[in-house]
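Per-entry structural report
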Amino acid sequence: MDYKELMRQAIEMRERAYTPYSGYQVGAALLSKSGTVYRGCNVENAAYSPGICAERTAFVKAVSEGEREFSAIAVIGGAAGGSLELAPPCGICRQVMREFCNPDTFEIVLGTGPEDYKVYTLSQLLPLSFGPENLEKQENV
Ligand code: THU
């Protein structure tokens, strides 16, 4: 699975976004270390805060199927009916990635399409992060 194909998967998933409130559609394709791709889109809600981002949809699908190790995620956005745009993951999604991924090796593929993307590590997008290891020495865990 190369990153061009991962980006294509994210673009395909973006079509399924449910965005009656923002009209901003996001697709994500998450590659597990086992080689399976889990795809997600954003799903909004009339009460607003229950809405979920595309990246977290993909993570929740994957983790609930038993996956725990991931190598990369491609993300793409853009207004419904408009052109594809680079969609930087929000802070909450970056933190969810941090829970399951090594920040120095997990790669985030961002751009406007399969021919135009850049690859970032999670460390680059979420420096000096707080993660599971920070709680390892707690006696109450
Ligand atoms: N959105 C995502 O799906 N991923 C992000 O990382 C940023 C924002 C969604 C949430 C909402 O449905 C829409 O984009 C506008 O904020």
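All of the points below concern the structure found in this document. (Residues numbered from 1 in each chain as written. Predicted model: local features only at pLDDT ≥ 70, side-chain atom pairs only at ≥ 80, totals over all residues. Heavy atoms only, no water.)

Here we take up the pattern of salt bridges. Tallied over the full model, the rule gives 5 salt bridges. Ionic pairing is found between Lys 4 and Glu 115, a salt bridge with its closest N-O pair at 3.2 Å. Of this pair, Lys 4 sits in helix α1 (residues 3–14) while Glu 115 sits in the loop between β4 (107–113) and β5 (116–121), and the two are 111 residues apart along the sequence. Since its relative accessible area comes to 32%, Lys 4 is described here as partly exposed. Residue classification places Glu 115 among the exposed positions, given a relative accessible area of 64%. Ionic pairing is found between Glu 133 and Arg 98, a salt bridge with its closest N-O pair at 2.7 Å. Of this pair, Glu 133 sits in the segment after α4 (122–125) while Arg 98 sits in helix α3 (residues 91–100), placing them 35 residues apart in sequence. Since its relative accessible area comes to 5%, Arg 98 is described here as buried. (Salt bridge = Lys/Arg side-chain N within 4 Å of Asp/Glu carboxyl O. Helix = DSSP H or I, 4+ residues; strand = E, 2+ residues; numbered from the N terminus. Buried < 20%, exposed > 50% of the residue type's maximum accessible area, 1.4 Å probe, protein only.)

Another aspect to go through is unusual backbone geometry. Of note in this structure, Tyr 48 is not a glycine but carries a positive phi near 65°. Following the sequence through the fold, Tyr 48 ends up in the loop between β2 (37–41) and α2 (54–64). In this structure Tyr 48 comes out as exposed when scored by relative accessible area, which is 61%. Phi is positive for Leu 128, which is not a glycine, with a value near 45°. Mapped onto the fold, Leu 128 is located in the segment after α4.

Scanning the entire structure with this criterion turns up 5 aromatic pairs. Aromatic pair Phe 59 and Phe 70: ring centres 5.1 Å apart, planes at 65°, arrangement edge-to-face. With Phe 59 in helix α2 and Phe 70 in strand β3 (residues 70–76), the pair connects residues that are 11 residues apart, well separated along the chain. Both residues of the pair, Phe 59 and Phe 70, belong to the buried class. Three or more aromatic residues joined by ring pairs form one cluster here, namely Phe 59, Phe 70, Phe 100 and Phe 106. (Phe/Tyr/Trp six-rings, centres within 6.5 Å; stacked < 30°, edge-to-face > 60°.)

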